[in-house]
Amino acid sequence: MNAFHPSPPDDLTLPALGSQTVRAVWTMALRKSFEDLKALRRPRGASLGGLRDWTRLREVLVGFLPGHPGAIASLLRNPVVATPLRCLRDGAADPNEMISEVVGQALFALGRAGALPKTIQIERAPKVLVGTSRDEWIAVPPGPVAFQNEGVFASGRLLESRPDAFLPFSRDARLVLRDTNPLRSLEAHPDKQGNEVDLGGRTPEEWTGMLERALQLIERHLPASRAAIDLMIRHVVPVGYHEEQHLSASYREALGVVYTSLHPSVLTMAEALLHETAHNVLHAMMELDPVLENPPDELVESPWRPDPRPLSGVLLAVHAFLPVEALLRSMIAKGDPCVRSESETGPEPSLGPVDLARRLERVRKMNADGVQLLEKHMRPTAVGQGVVDEIGRLDSRFRS
């Protein structure tokens with residue numbers, strides 16, 4: 001793999017232990033974000049005020065970059081900055097709103113790192129600034145805002161920083177309590193409406209405790225997939241609590257972010273983390289290569305959804321559910337029961353071999369149907385062919 005042209009991967013779906021494939025793709029996607037930032041000199045559709053603010057950020061970064069390359073990389077790993085940057089690049093949202101988010105969040109992060117060379121004033125900041133380094137947030141009034149290493153000022157007044165924007169857990173991952181993703185209200189699934197932050201009446205600690213248990217389950221059976229989660233996922237956004245169903249989502253522009261509801265089954269939560277991380281991995285690859293040559297308006301019946309889906313949707317689903325199938329197979333082979341969370345009346349019964357076998361049967365059927373659709377309709381690029389070949393090998397192995 002060279003700078004931005006990956007070679008066809010052979011373990012992007014189910015990484016091998018010690019493999020560097022996912023890391024290489026993720027690193028190239030982050031470098032691509034830096035190239036996007038440099039290339040966006042005059043974002044299309046921006047107002048004069050927006051262009052002035054954008055120029056101020058670029059001047060800071062150009063003067064700052066030679067001595068602090070690690071800080072730029074940290075900025076672009078931060079979904080709070082990188083997500084609106086990709087939206088601005090792709091025209092996925094209002095350009096002036098995205099400039100406000102990128103410029104404001106980036107200057108806030110640089111100031112908290114003590115890296116601003118001087119006071120930087122911009123004409124329009126986002127309504128909320130969030131900082132992952134201190135897990136904080138600041139409500140910002142309308143009008144000009146000045147950024148310093150000492151803090152953020154409006155009308156000469158230091159703006160108050162408040163805690164609880166994030167709750168750290170599991171290395172670099174954070175439970176998000178203040179989400180700034182500009183696409184969070186957009187929803188592709190017909191059974192849900194957006195992805196606003198909602199703890200579902202549970203405490204943040206209940207959320208992080210269940211997420212930790214889910215990660216431990218993945219670690220026992222798919223340690224390489226756990227490593228991919230640790231590498232890529234920075235933010236987990238809570239979107240409610242449901243006992244009878246589970247909802248999760250991710251956005252192509254929001255690399256490193258997972259949206260998920262809370263469920264009492266640790267297996268369900270583990271499946272969600274595997275599933276949405278797989279989407280993040282493939283989305284990172286799609287930053288570098290289209291993977292498919294099929295047009296987006298070419299729709300097929302999906303084994304997973306009631307609505308027709310483009311081939312890319314089927315590919316994303318198969319790529320995400322094959323790791324889930326691998327997890328279930330390993331649990332059955334090792335006799336690992338999946339215990340649900342404790343309720344007010346005591347621990348819920350564990351999911352034994354029969355329950356896991358039934359779940360595996362359903363997932364296997366959907367994966368097999370999805371692979372058949374891909375084989376029939378998919379026109380992959382050279383890189384995409386590597387993904388398809390690996391999916392075919394996994395499908396053959398699991399069929400037998």
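Conventions used here
Positions within a chain are numbered from 1, following the residues in the order the chain's sequence is written. Per-residue local features of the predicted model are confined to residues with pLDDT of at least 70, and side-chain atom pairs are confined, for both listing and counting, to 80 or more; whole-chain, interface and lining totals are unaffected and use all residues. Hydrogen atoms and water are omitted, and side-chain values are computed over all heavy atoms in the structure. Helix and strand definitions here come from DSSP, where helices need a minimum of 4 consecutive H or I residues and strands a minimum of 2 consecutive E residues; each element is numbered from the N-terminal end. Each radius of gyration reported is based on C-alpha atoms, and the globular scaling rule is 2.2 Å times the count of residues to the power 0.38. Only protein chains enter the accessibility calculation, which uses a 1.4 Å probe. A residue is then buried if its area is under 20% of the maximum for its type, exposed if over 50%, and partly exposed in between. When checking whether two residues touch, look at their non-hydrogen atoms; a contact exists if any pair is within 4.5 Å. To be clear on the numbers: accessible area is Shrake-Rupley with a 1.4 Å probe, and residue cover counts the displayed protein chains and nothing else. Only four residue types enter the tally: Lys and Arg on the positive side, Asp and Glu on the negative side; His and the chain ends are excluded. Where a charge sits is defined by one atom per residue type, namely NZ (Lys), CZ (Arg), CG (Asp) or CD (Glu). Following DSSP output, two strands are said to pair if at least two bridges run between them. In the sections that follow, a salt bridge refers to a side-chain nitrogen of Lys or Arg positioned within 4 Å of a carboxyl oxygen of Asp or Glu. Side-chain atoms within 4.5 Å are what join buried Ala, Val, Leu, Ile, Met, Phe, Trp, Tyr and Cys residues into a set we call a nonpolar core. For a helix, the expected span equals 1.5 Å multiplied by the number of residues minus one. Think of a polar contact as two N or O atoms within 3.5 Å of one another; within protein, one of them needs to be a possible hydrogen donor and the other a possible acceptor, and neighboring residues in sequence only count if both atoms come from side chains.

The next subject is the overall build of the chain. The helix and strand tally for the chain stands at 11 helices and 16 strands. Scaling as 2.2 N^0.38, a compact globule of 400 residues should have a C-alpha radius of gyration of about 21 Å, and the chain matches this with 22 Å. Overall size of the chain, expressed as C-alpha extent along the three principal axes, is 65 × 55 × 40 Å. Taking all 400 residues of the chain together, 56% fall into the buried category. Of the contacts formed within the chain by residues at least 6 apart in sequence, a portion of 69% connects residues at least 24 apart. For the chain, the accessible area works out to roughly 17700 Å², and carbon and sulfur atoms hold 51% of it. Taken as two groups, the 46 positive and 51 negative side-chain charges of the chain have centres that lie 5 Å from each other.

Below, the discussion takes up the sheet that holds strand E4 (residues 145-148). Reading across the sheet, the 4 strands line up as E1-E4-E5-E6 and stay open at both edges, with antiparallel pairing between neighbours. Only two strands of the sheet have a single partner each, and these edge strands are strand E1 (120-122) and strand E6 (157-158). As paired strands, E1 and E4 are joined by 3 bridges and run antiparallel to one another. Within the sheet, the bridge partner assigned to Gln 121 lies in E4 and is Ala 146.

What follows covers the pattern of salt bridges. Inspection of every chain in the model, using the stated rule, returns 24 salt bridges. A salt bridge links Arg 124 to Glu 97; the nearest nitrogen and oxygen atoms lie 2.5 Å apart. One end of the pair, Arg 124, is in the loop between E1 and strand E2 (128-131); the other, Glu 97, is in helix H5 (residues 95-112), and 27 residues separate them in sequence. Here Arg 124 falls in the partly exposed class, since its relative accessible area comes to 36%. What makes Glu 97 partly exposed here is its relative accessible area of 38%. Here Arg 171 ties to Asp 230 by a salt bridge, and the two come within 2.7 Å at their closest N and O atoms. Of this pair, Arg 171 sits in the loop between strand E8 (166-169) and strand E9 (173-176) while Asp 230 sits in helix H7 (residues 223-232), placing them 59 residues apart in sequence. Look at Arg 171 and you get exposed, because its relative accessible area is 63%. Look at Asp 230 and you get buried, because its relative accessible area is 14%.

Taken across its 7 residues, strand E10 (residues 235-241) has 7 buried, putting it largely inside the fold. Of the pairings in the sheet, the one linking E10 to strand E12 (residues 257-262) comprises 5 bridges and is parallel in character. In the strand pairing of E12, Val 237 is matched with Tyr 259.

A separate point is the pairing of strand E5 (residues 151-154). On E5, burial covers both faces: Gly 151 and Phe 153 on one face and Val 152 and Ala 154 on the other are all buried. Sheet topology note: the E4/E5 ladder contains 3 bridges and is antiparallel. When the bridges of E5 are listed, Phe 147 appears paired with Val 152. Connecting E4 to the next strand, E5, in antiparallel fashion are 2 residues. With 2 bridges connecting them, E5 and E6 associate as antiparallel partners. The partner of Phe 153 across the bridge, within E6, is Leu 158. Between the end of E5 and the start of E6, which pair antiparallel, lie 2 residues, with Ser 155 showing a positive phi angle near 55°.

A few words on the nonpolar core. Leu 12, Met 232, Leu 315, Val 318 and Leu 327 are the most contacted members of the largest nonpolar core, which has 71 residues in total. Examining the composition of this core, we find that 13 residues originate from one element, helix H9 (residues 311-334), more than from any other. For Val 318, the residues in contact, after removing those within four places along its chain, are Trp 304, Asn 367, Gly 370, Val 371, Leu 374 and Ile 391. One finds Leu 37, Leu 85, Phe 108 and Ile 138 within the second-largest nonpolar core, a separate group that totals 51 residues.

Right, let's talk about helix H4 (residues 79-90) for a bit. With 12 residues, H4 should cover 16 Å at 1.5 Å per step; its first-to-last C-alpha distance of 16 Å lies within 8% of that length. With 10 of 12 residues buried, H4 lies mostly within the body of the structure. Restricting attention to buried positions, one finds in H4 the residues Pro 79, Val 80, Val 81, Ala 82, Thr 83, Pro 84, Leu 85, Arg 86, Cys 87 and Leu 88. Two to three positions downstream of the cap, the backbone nitrogen of Val 80 sits 3.0 Å from a side-chain oxygen, assigning the N-cap of H4 to Asn 78. Immediately downstream of H4, the backbone of Gly 91 shows phi near 65°, a positive value.

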